Amino acid sequence: MEDRLLKDKRILLGVTGGVAAYKAVVLASRLTQAGAIVDVVLTEAATRFVTPLSFESVTRRRAYVDMFELGDNDRPGARPGDVSIPHLALARGADLVIIAPATANTLAKLAHGVADNLLTAAVLAAPAPLLIAPAMESHMWEHPATQANLAMLQARGVTQIGPATGHLASGATGVGRMSEPEEIIAAARLVLARHGDMAGRSVVVSAGGTREAIDPVRFIGNRSSGKMGYALAHAARDRGAQVVLVAAPTALPEPYGVRLVRVESASQMRDAVLAALEGADALVMAAAVADYRPLQPSEQKIKKAHEHLTLELTRTPDILEEVAALRAAGRGPRVVVGFAAETSDLLANAQVKLQQKRLDLIVANDVSVPDSGFAVDTNRVTLLYADGTIEPLPLMYKEEVAHIIWDRVQRLW
Ligand code: CTP
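Since the structure is predicted, the reported quantities are computational estimates derived from the model, not experimental observations. (Residues numbered from 1 in each chain as written. Predicted model: local features only at pLDDT ≥ 70, side-chain atom pairs only at ≥ 80, totals over all residues. Heavy atoms only, no water.)

### Things to note about helix H12 (residues 319-328)
By the burial criterion, the buried members of H12 are Ile319, Leu320, Val323, Ala324 and Leu326. The buried residues of H12 occupy one face: seen down the axis, they fall within an arc of 160 degrees. For H12, the N-terminal capping position is held by aspartate 318, with its side-chain oxygen 3.2 Å away from the main-chain nitrogen of leucine 320. A positive backbone phi angle near 85 degrees is found at glycine 330, which sits one or two residues after H12. (Buried < 20%, exposed > 50% of the residue type's maximum accessible area, 1.4 Å probe, protein only. Helix = DSSP H or I, 4+ residues; strand = E, 2+ residues; numbered from the N terminus. Arc of directions from axis to C-beta. Polar contact = N/O pair within 3.5 Å; in protein donor to acceptor, adjacent residues only side chain to side chain.)

Below is the structure:
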């Protein structure tokens, strides 16, 4: 699956002179693999640690060092033989500038607008947002000069990732390690997402299958993997929304850039969802919420003392029905989306839920087929709208389904 956020984005990656420069090769490679167009600029000091060729090999583009070496001009309207001024050409097209590693020296130059090499000149000329990943020895990091320079950069809206604490080049352990390439990419994604079509929106998504306690070690659960809900949260984040993800237990890694509220039971999910709805523009309930829970969970582990065991179950709160009541009272989010996981009479069952829960949209999902539903990466769903419209979608990745759901929510807003 292609990366919608990074694909075809022009990233100017500045590499300055620290031992972490070798990790910048990994960073350039990952960004390129995600579809970004990565132009690397190294300072002279960086070339002592790693060569332009390393970057050119992973980005399959020229890497730049020299401020005074003119390049080919490939702008529209250029005549054969026209040249371009490298720092201006690099600055002009960039969607994002990342400096990783960013040394104390380069941070000082950036803070004061010094432009004495190709990188600092390009940064000065670039209107794009700037993300820095500082890396240096602890004392240099803690020095008031460095901290004052950072404060100036932050006041100008520069985004900073790290440094982390750990093993340093000096042999000591302390603060000053450059963040790992994955973390830098996560931070870059958040910066790029700021101008997404959901910027300024705040959404709540539920995910996973709730667990209802039978005794301290056992529960009633279901087969939901949480993948659809997590995909919805990732997609909204990548489009610039503020996201609260209310998640029942899943095996999925914790998402970055999303407020994760972990819950177990249906009643905990109810409380967390209702609390998160304050000021939210939309709720998407992708969670598989238990409809029944053991009436009286045992305080001690149940022993296998009898041949038969009967558990008495009682209803859990229906979260979407409570949200419908909220909306009827003039509160609650503007758009509410539910899911209907069915094994028979898909559309008829979904239609009933759409009306009963007074939803704007329901995502009907036949979980009896192998390529759709629980624990797989794909879904074949049909969207049913409050106005009676029915929109069947082909088999697609859950990430793609997520983006389509947000497209439709945008329309409903
Ligand atoms: N849902 C909810 N609260 C519950 C149960 C379900 O908010 N206690 C939400 C789900 O998150 C989903 C929608 O309601 O978005 C439909 O869930 P589903 O389990 O398919 O429907 P139920 O209303 O539980 O009906 P049934 O189990 O009888 O099919």
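### Quick word on the domain arrangement of the protein
Segmenting the protein into domains produces domain 1 (10-192) and domain 2 (197-412). Computed from C-alpha atoms alone, the centre-to-centre distance between domain 1 and domain 2 is 41 Å. (Domains from an automatic or database assignment.)

### Here we look at the sheet that holds strand S16 (residues 282-285)
Reading across the sheet, the eight strands line up as S15-S14-S11-S16-S19-S20-S22-S23 and stay open at both edges, with mixed pairing between neighbours. Pairing within the sheet leaves two strands with one partner each, and these edge strands are strand S15 (259-262) and strand S23 (390-392). Averaged over all adjacent pairs, the angle separating strand axes in this sheet is 15 degrees, with direction ignored. Across the sheet, helix H13 (residues 346-356) touches strand S19 (335-342), strand S20 (361-366) and strand S22 (381-385), and the angle it forms with S20 is around 150 degrees. Strand contacts of helix H14 (residues 398-412): strand S11 (202-207), S16, S19, S20, S22 and S23, with the helix running at about 140 degrees to S19, the strand carrying the most contacts. (Pairing = 2+ DSSP bridges. Axes fitted to C-alpha atoms, helices over the stretch in contact; angles between N-to-C directions. Contact = heavy atoms within 4.5 Å.)

### Re the layout of surface pockets
In this model, the largest pocket occupies a volume close to 880 Å³. Considering the residues around the largest pocket, the lining is formed by 40 residues, among which Ala287, Ala288, Val289, Asp291 and Ala341 are closest to the centre. Those elements that place two or more of their residues in the lining of the largest pocket are helix H10 (227-238), strand S18 (313-315), H12, S19 and S20. (1 Å grid on protein atoms, 1.4 Å probe; cavity = no way out; pocket = protein on both sides within 12 Å on 5 of 7 lines; lining within 4 Å. Points joined across faces, edges and corners; volume = space filled by probe spheres on them.)

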